[in-house]
Amino acid sequence: MFFQLIVSGIAIGATYALMALAMVIIYKTSEVLNFAQGDMAMLSAFVAFTLLTENNLGFPAAFAGALAFAFALGAFLEFAFLRRAKEPNVLGLIIITLGLEMILYGLASWKWGSDQKDFPFPVSDFDTHELGTVVVSDLNLVTLAVALSLMLLLFVFFRYTKAGVAMKATQQNEVAARLMGIRVNRILMLTWGISSVVGAAAAFMIAPVDTLDPNLMWTPQLKGFSAAVLGGMTSLVGAVGGGFLLGIIENLFGGYVSVEFKSVVAFAVIVVVLCLRPSGLFARHYVRKV
Amino acid sequence: MRKGLILALSLALTLALAGVGVAAPVRGVSDTTIKIGQWGPQTGPAALWGSVARGTGCYFELLNAEGGVNGRKIEYFLRDDGYQPNRTKAVVKELLENVGVFGFASGVGTSPGMAVMPDMIANEVPWVGTATGSTHWAFPPKKTIFAVYPNYPDEAAILTNYILFTLKKEKIAFIYQNDDYGKGGLDGAQAEIKAHGKSLVAEIPVEVTDTDLASHVMKLKQAGAEAVIMWVLPKHAAILLGTSAKLGFKPQWVACSTLSDAPLMHKITKGLWNGVIFGNFAELPDSTSPLMVKYKAAFDKFADKKSDHWGVFFYAGFGFVEPMVEGIKRAGKDLTVDSFVKAMETLKDFKGIMGRVTYAPGERQGMREVFIGRCGEAEVTTPDGKQEKMGQAVRLSDWIAVK
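Residues numbered from 1 in each chain as written. Chains lettered and ligands numbered in written order. Predicted model: local features only at pLDDT ≥ 70, side-chain atom pairs only at ≥ 80, totals over all residues.

(A) Representation of the overall build of chain B within the structure. Secondary structure assignment for chain B yields 13 helices and 13 strands. A compact globule built from 403 residues would reach a C-alpha radius of gyration of about 22 Å, and chain B, at 23 Å, matches this within 12%. For chain B, the spread of C-alpha atoms along the three principal axes comes to 90 × 55 × 40 Å. Counting every position in chain B, which comprises 403 residues, the buried fraction comes to 51%. (Helix = DSSP H or I, 4+ residues; strand = E, 2+ residues; numbered from the N terminus. Rg over C-alpha atoms; globule rule 2.2 N^0.38 Å. Buried ≥ 20, exposed ≤ 12 C-beta atoms within 10 Å, placed from the backbone.)

Written out as structure tokens, the structure is:
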């Protein structure tokens with residue numbers, strides 16, 4: 001039972017990790033917590049669903065289309081709403097994301113209705129591999145692979161590409177970045193686009209296990225946020241590590257201590273981390289370079 | 001000249017108002033109409049159950065097409081409360097004070113209903129057939145509130161008894177939503193199994209916000225449950241069956257009547273619902289009873305096919321309200337709150353498309369029986385020509401009354 005709990009924890013943790021990654025990308029560049037993250041991803045999952053079931057596209061085309069939609073949606077929201085904020089401060093921008101969350105939720109309920117739908121996925125959660133007494137499904141493995149490879153990809157992107165470095169620069173000092181010739185607006189738009197794509201990937205992995213409805217990403221977003229805080233809001237590795245850790249802690253707590261309080265243990269963990277190590281477990285202490 | 005006109009006008013107005021007063025002494029009732037309201041989530045997380053309220057609308061259209069009840073047409077006021085109790089309160093206030101409805105038909109949700117129950121009691125508003133099996137409506141009895149839906153403890157006791165003596169499985173576990181709804185079921189199952197000198201092998205709570213049920217399933221598996229009773233949301237039932245299939249846990253699943261829409265459940269569980277046993281409070285969709293055939297025709301004629309399908313939640317909107325219509329019918333031409341309550345108390349073994357409904361002075365729980373069904377499968381051809389398996393409820397028992 002112990003090992004199964006750990007493996008199940010890693011499996012669910014991978015979805016938390018993806019959501020955490022999505023949130024961290026935006027936070028890294030603009031210090032904005034994006035509360036619309038989950039519903040942006042949910043909307044992308046609905047687009048994938050429509051492409052699959054109504055337009056009868058194959059999985060590669062449908063998922064590619066939905067990811068393209070996710071990118072456009074993220075970029076559009078940044079362009080149309082956040083950029084329009086007059087004399088923005090971080091708090092104001094966060095409030096805007098809360099508003100966006102409600103708009104997107106309403107939009108999905110209106111367009112697709114609130115009844116549960118079955119989300120088709122090429123990899124099954126019922127095709128399983130057994131290692132001794134421990135069971136792991138194909139879907140778990142795919143989710144894990146997607147989370148790790150996206151993390152690696154983003155890590156490389158931020159460290160070695162010009163756009164990635166420009167994003168980092170934007171976060172550290174927006175004015176200086178602008179003076180150095182970085183088109184800050186464009187960078188922010190790109191950030192939102194990439195973040196939205198990562199979130200959409202998370203939604204594609206979560207929806208086949210859950211049912212597809214407008215509430216799909218509500219809990220995963222909260223858990224992703226918790227994982228990001230746990231790992232350190234500015235660290236990609238931290239976000240992924242935090243996701244796995246949170247999944248494992250939750251499952252062990254549910255298995256050995258109390259199922260009833262399993263879902264709130266994440267928030268207890270946040271409080272403890274914020275008290276003892278406010279920068280998160282994996283991030284270096286946050287210092288703003290002037 | 002002008003003064004005279006104003007005087008004449010106000011005199012006429014006073015007379016007109018007085019005239020209305022004489023003709024309609026009862027709120028919401030005129031010689032030709034009865035105003036009836038209902039709330040139901042048309043948006044938000046529980047919108048799946050909102051079809052109950054639309055079903056009631058369809059039922060009233062059918063009745064009006066047949067000439068109404070005792071010559072009075074029903075004016076129906078459906079309001080969306082999004083399953084939010086504060087909005088339910090506002091809806092009821094509006095319908096009572098501005099619209100002036102005679103009473104309320106059905107209404108989805110335990111917490112929305114609980115929020116407005118004090119107003120209903122204080123104003124003696126007739127309210128029949130809330131679409132939940134909570135025990136709060138009928139216990140203790142209130143003058144104008146009539147429950148139809150078999151309450152959750154009764155249903156859980158019947159299902160537990162069925163597992164023990166018909167399926168002959170003794171190791172029963174119970175997984176429930178950690179609120180009034182789930183705990184109501186748990187109470188009934190505990191009481192029933194205790195009466196036979198045994199106890200549940202596991203009692204596992206699920207929070208509404210949970211999305212990962214791996215440790216829940218592990219606990220059920222560890223307890224060695226042969227049958228597991230579910231009192232959860234459709235979403236959680238889907239996650240639960242999926243996770244269990246993955247972890248190789250295959251008990252006999254048994255579900256509450258809130259999960260009795262077999263085609264829907266079969267679809268959202270990717271076929272795992274096949275073989276699940278569940279309680280039913282209304283005839284099955286393909287029933288050939290005369291009333292069901294008539295209601296199906298009404299669905300074909302009046303319902304919006306885009307938002308609704310002929311499923312149990314839709315025609316439950318007929319069934320929950322049948323006793324109310326019967327009460328109005330029996331109250332006759334002289335319809336008041338008191339005559340309505342008296343008429344309702346004469347219902348004995350009243351049979352619509354649900355189980356038998358009986359009220360009496362001091363007895364407000366109308367229905368105390370369910371029947372058992374199982375999800376089977378049927379091959380259907382989808383519009384684009386593909387063969388697909390669809391869930392289909394199969395009836396396993398006659399109506400079983402609580403002992």
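So, next bit.
(B) Fine view of the overall build of chain A. The number of helices and strands found in chain A is 11 helices and 2 strands. Whereas a compact globule of 290 residues would reach a radius of gyration of roughly 19 Å, chain A reaches 19 Å, a difference of no more than 12%. Evaluated residue by residue, chain A yields a buried proportion of 51% over its 290 residues.

(C) Spatial organisation of the interface of chain B and chain A. The interface is formed by 31 residues belonging to chain B together with 29 residues belonging to chain A. When residues of the side of chain B that touches chain A are traced back to their parent elements, those giving at least two are β7 (202-206), α7 (214-222), α8 (234-246) and α9 (262-268) of chain B. Ranked by residue count, the leading element in the side of chain B that touches chain A is α8(B), at 7 residues. (Contact = placed C-beta atoms within 7 Å.)

(D) Examining the nonpolar core more closely. With 211 residues, the main nonpolar core has A:Leu18, A:Leu21, A:Ala45 and B:Met230 as its most contacted residues. Inspection of this core shows a minimum of three residues originating in each of domain 1 (12-150 + 288-367) and domain 2 (152-280 + 371-401) of chain B. (Core = buried A, V, L, I, M, F, W, Y, C linked by C-beta atoms within 7 Å. Domains from an automatic or database assignment.)

(E) Summary view of α8(B). Residues and elements named next belong to chain B. When the terminal C-alpha atoms of α8 are compared, their 19 Å separation across 13 residues agrees well with the 18 Å that a helix rising 1.5 Å per residue should span. Most of α8 sits inside the fold, with 13 of its 13 residues counted as buried. Remark: Gly248 follows α8 within two positions and exhibits a positive phi of approximately 70°. (Expected span 1.5 Å × (residues − 1).)

(F) Inspection of the confidence of the model for chain A at higher detail. For chain A, per-residue confidence averages 89 on the pLDDT scale, and 98% of positions sit at 70 or higher. By mean pLDDT, strand β1 (residues 128-131) of chain A is the weakest element of chain A at 84, and helix α2 (residues 37-53) of chain A is the strongest at 95. (pLDDT = per-residue confidence, 0-100.)

(G) Main features of the environment of B:Thr346. The topology assignment puts B:Thr346 in the loop between α13 (337-344) and β11 (369-381). Look at B:Thr346 and you get partly exposed, because 14 C-beta atoms sit within 10 Å.

(H) Fine view of the domain arrangement of chain B. Residue and element names in this part refer to chain B. Taken domain by domain, chain B holds domain 1 (12-150 + 288-367) and domain 2 (152-280 + 371-401). Taking the mean C-alpha position of each, domain 1 and domain 2 sit 30 Å from one another. Of the residues lining the interface, 10 residues belong to domain 1; the matching set on domain 2 comes to 13 residues.

(I) Highlighting the pairing of strand β6 (residues 172-177) of chain B. Residues and elements named next belong to chain B. Across the 6 residues of β6, 6 count as buried, placing the element largely inside the fold. Pairing of β6 with strand β8 (residues 227-231), which is carried by 5 bridges, proceeds in the parallel orientation. The partner of Ile175 across the bridge, within β8, is Met230. Two elements, β6 and β7, share 5 bridges in a ladder whose sense is parallel. Residue pairing in the sheet places Ala173 in a bridge with Ala202 of β7. Note on the crossover from β6 through helix α6 (residues 180-195) to β7: the handedness is right-handed. (Pairing = 2+ DSSP bridges. Right-handed = clockwise from strand over helix to strand, strands pointing away.)

(J) Region of interest: the packing of helix α12 (residues 322-331) of chain B against α13(B). Residue and element names in this part refer to chain B. α13 packs onto α12 with a crossing angle of 115° between their chain directions and a minimal axis gap of 8 Å. With respect to their mutual orientation, α12 and α13 come out roughly perpendicular. Judged by the sense of rotation from one axis to the other, the crossing of α12 with α13 is right-handed. Taking contact as the criterion, the partners of Gly327, Ile328, Arg330 and Ala331 in α12 are, on α13, Ser339, Phe340, Ala343 and Met344. Residue classes in the contact of α12 with α13 are distributed as 5 nonpolar, 2 polar and 1 charged. (Axes fitted to C-alpha atoms, helices over the stretch in contact; angles between N-to-C directions. Parallel < 35°, antiparallel > 145°, perpendicular 65-115°, else oblique. Left-handed = near helix turned anticlockwise from the far one by under 90°. Nonpolar A, V, L, I, M, F, W, Y, C, P; charged D, E, K, R; others polar.)

(K) Highlighting the sheet that holds strand β2 (residues 73-80) of chain B. Residues and elements named next belong to chain B. The sheet built from 5 strands is open, its strands ordered β2-β1-β3-β4-β5 with parallel pairing. Looking at the sheet topology across the chains shown, the edges are occupied by β2 and β5 (145-146). Inspection of the sheet shows strand β4 (residues 127-128) paired to β5 by 2 bridges, in the parallel sense. Bridging from a neighbouring strand, Val128 pairs with Phe146 of β5. Across the sheet, helix α3 (residues 85-99) lies against β1 (33-40) and β2, angled at about 170° from β1, the strand it touches most.

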